[in-house]
Amino acid sequence: MSKTFNMAGGGSNIRLVSIEITTPPNKTEYQTGEIFDPTGMKVTATYSNGATLLATGWDFTPDGALAKGTSSITVIYTEGGVTAADQQTILVSDYFYDLNENSWEDIKAVSQAHQGPNYWEIGDCKEIELNGDVGDFLTLSGFKACVYIIGFDHNVELEGDGITFGCFMSALKNGYPFGLVDSYPNKTNPASGVRTFNITHETNWHDISSGWKGCDCRYDILGSTDVDRGDATENAAISPVEKTLLAAFPSDLRAVMKAMTVYSNNAVKTSQSSTGVVSASVDFLPFLSEFEIMGELEHAAYEEETYQKQYQYYINGNSTVKYTQEVIEEGTGASKSAYATRSPRASSSLASWAFMTSNNGQVGAYNADRADVSISPIFRV
């Protein structure tokens, strides 16, 4: 596109010499993938006789989606067969508004800069691929699922910073939350020592006296720690326990996962009002607690509320209902699933645990060895 000015008092020898951006555009900072907006920008043309005029009809490049690392826009103006150019400095972020378009390394960088809420929203999803055995009765091969943001710098004073993700969602947009179930046949009365998706299976199921930190599922199903009944080491995500969910995660995700300091009932007593039962553990892939989901307590120790906060995802009113992985193919025709929390039941002398039930996502209590439940942990980057 070009523009020719008829200059009063001019002659045929007056030629365009240069242009200058004399007023910058209103917007100079962009996200990767946005298109440059020239609104507000003014370009002045200078001619061979020293005259200046406000130019119109100029073009700019790039005129499409801005690429990562772009630092300037070139304005081009042609008149009388002469072309002149000037550059406008802009800042294009290295990151995408669409969470799924970002690498896990980039997500880590945004998290470290505490800029997550400036790019993404609670509930935004990223697709991952799971490969490997989880316990003795589930094999995942090229299994694609989404993880979704449930909190930014959640409970930062006690737990530290980072972006917390929930597992799993059936699609990037308008998906349904679900947990993984295995194929173990005798789910309500599993044999001792079987690595199925129950809270405790390697010891007498009546012994849950060490609560979350001491339960079997934490170590040999989730891989949340690489030290059985102990705190996770810094290598837990890089070299995860074999045949665990964490080991099935993609390596680029595991490389950026942060150790989480979570507070749980690790000294189970039979009264909800018992004190001195909650303590910290270091985890990479823990379950949510009853209070972190519901914002209130029915079965867990009251002391948990002192150390925990409800996640923003649930404060926003999102459903607590989860399906099984069949939801990916079947939609809401799939079975709803009870799923485990990391909260032991503190209101009973029985060895039971707080679960989110399949009955409209309400909290309930099951025996800790019960295996007809799904797993849907969280992690932090």
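Please read all numbers here as calculations on a predicted model, not as lab measurements. (Residues numbered from 1 in each chain as written. Predicted model: local features only at pLDDT ≥ 70, side-chain atom pairs only at ≥ 80, totals over all residues. Heavy atoms only, no water.)

1. Brief notes about the overall build of the protein chain
Of the regular secondary structure elements, the protein chain holds 11 helices and 17 strands. Whereas a compact globule of 381 residues would reach a radius of gyration of roughly 21 Å, the protein chain reaches 29 Å, over 25% beyond that. Taking the principal axes of the C-alpha coordinates as reference, the protein chain spans close to 100 × 40 × 35 Å. Relative to its full complement of 381 residues, the protein chain shows a buried share of 51%. Considering only contacts within the protein chain whose residues lie at least 6 apart along the sequence, 59% involve residues at least 24 apart. Carbon and sulfur atoms form 44% of the exposed surface of the protein chain, whose accessible area is close to 16200 Å². (Helix = DSSP H or I, 4+ residues; strand = E, 2+ residues; numbered from the N terminus. Rg over C-alpha atoms; globule rule 2.2 N^0.38 Å. Buried < 20%, exposed > 50% of the residue type's maximum accessible area, 1.4 Å probe, protein only. Contact = heavy atoms within 4.5 Å. Areas by Shrake-Rupley, 256 points an atom, 1.4 Å probe, with all protein chains shown as cover.)

2. What about the pairing of strand S9 (residues 125–133)?
With 8 bridges connecting them, S9 and strand S10 (residues 139–152) associate as antiparallel partners. In the strand pairing of S10, Glu129 is matched with Lys144. The antiparallel hairpin formed by S9 and S10 contains 5 residues in its connecting segment, where Gly135 sits at a positive phi of about 70°. (Pairing = 2+ DSSP bridges.)

3. Structural notes on the nonpolar core
Ranked by internal contacts, the top residues of the largest apolar core, which has 74 residues, are Phe168, Leu180, Phe249 and Phe379. Non-local contacts of Leu180, meaning those with residues more than four positions away in its chain, are made with Leu130, Leu138, Leu140, Phe143, Phe168, Phe197, Leu245, Gln325, Val373, Ser374 and Ile375. (Core = buried A, V, L, I, M, F, W, Y, C linked by side-chain atoms within 4.5 Å.)

4. Remarks on the pattern of salt bridges
The full count for this structure, using the stated rule, is 11 salt bridges. Measuring nitrogen to oxygen at the nearest pair gives 3.7 Å for the salt bridge that ties Glu157 to Lys309. Of this pair, Glu157 sits in helix H3 (residues 156–159) while Lys309 sits in the loop between helix H9 (303–307) and helix H10 (312–315), placing them 152 residues apart in sequence. Given a relative accessible area of 61%, Glu157 falls into the exposed group. A salt bridge links Arg380 to Glu159; its shortest N-O distance comes to 3.0 Å. Within this pair, whereas Arg380 is found in strand S17 (residues 378–380), its partner Glu159 is found in helix H3, the two being separated by 221 residues in sequence. Comparing Arg380 with Glu159 shows no difference in burial state: the two are buried. A single salt-bridge network, built from bridges that share partners, covers Asp216, Asp228 and Arg229. (Salt bridge = Lys/Arg side-chain N within 4 Å of Asp/Glu carboxyl O.)

5. A look at unusual backbone geometry
Between Thr61 and Pro62 the backbone carries a cis peptide bond, its omega angle lying at 0°. Here Pro62 lies in the loop between strand S5 (59–61) and strand S6 (72–79). Going from Cys167 to Phe168, the amide bond is cis rather than trans, its omega being 0°. Assignment of secondary structure puts Phe168 in strand S11 (residues 163–169). Of note, His114 is a non-glycine position whose phi angle comes to about 60°, a positive value. Looking at where His114 falls in the secondary structure, it is placed in the loop between helix H1 (104–112) and helix H2 (116–119). The backbone of Asn174 sits at a positive phi, close to 55°, despite the residue not being glycine. Along the chain, Asn174 falls in the loop between S11 and helix H4 (211–214). In this structure Asn174 comes out as exposed when scored by relative accessible area, which is 77%.

6. Here we look at the environment of Val381
In this fold, Val381 is placed in the segment after S17. Residue classification places Val381 among the buried residues on the basis of a relative accessible area of 1%. For the pair Val381 and Gly276, spaced 105 residues apart in sequence, the C-alpha to C-alpha distance is 30 Å. Excluding residues within four positions of it along the chain, Val381 makes contact with Trp104, Ile107, Lys108, Ser111, Gly162, Ile163, Phe165, Leu253, Val256 and Lys258.

7. Considerations on the sheet that holds strand S3 (residues 42–47)
Strand order in the open sheet made by the 3 strands is S1-S3-S4, with antiparallel pairing throughout. Of all the strands in the sheet, the pair left with one neighbour each is strand S1 (16–23) and strand S4 (52–55). Shown here is a sheet whose adjacent strand axes are inclined to one another by a mean of 30°, direction ignored. The sheet contact formed by S3 and S4 spans 4 bridges and is antiparallel. (Axes fitted to C-alpha atoms, helices over the stretch in contact; angles between N-to-C directions.)

8. A short note on the sheet that holds S6
By definition, the strands of a sheet pair up through backbone hydrogen bonds, in either a parallel or an antiparallel sense. Strand order across the open sheet formed by 3 strands is S5-S6-S7, with antiparallel pairing between neighbours. A single partner strand is all that each edge strand has here, and the edge strands are S5 and strand S7 (82–89). Averaged over all pairs of adjacent strands, the angle between strand axes in this sheet comes to 25°, irrespective of strand direction. Examined bridge by bridge, S6 and S7 share 8 bridges and lie antiparallel to one another.

9. A look at the environment of Phe284
You can see Phe284 is positioned in the loop between strand S13 (278–283) and helix H8 (290–294). You can call Phe284 buried: its relative accessible area is 4%. For the pair formed by Phe284 and Phe379, sequence separation is 95 residues and the distance between their alpha carbons is 6.0 Å. Not counting residues within four places of it along the chain, the set of residues in contact with Phe284 comprises Ser224, Ala232, Thr233, Glu234, Ala236, Ala237, Leu246, Met257, Lys258, Ala259, Ile378 and Phe379.

10. Comments concerning the confidence of the model for the protein chain
Per-residue confidence for the protein chain averages 90 on the pLDDT scale, and 93% of its residues sit at or above 70. Under a pLDDT of 50 for its full length, residues 1–10 has, in the predicted model, 22 contacts with residues more than four places off or in other chains. (pLDDT = per-residue confidence, 0-100.)

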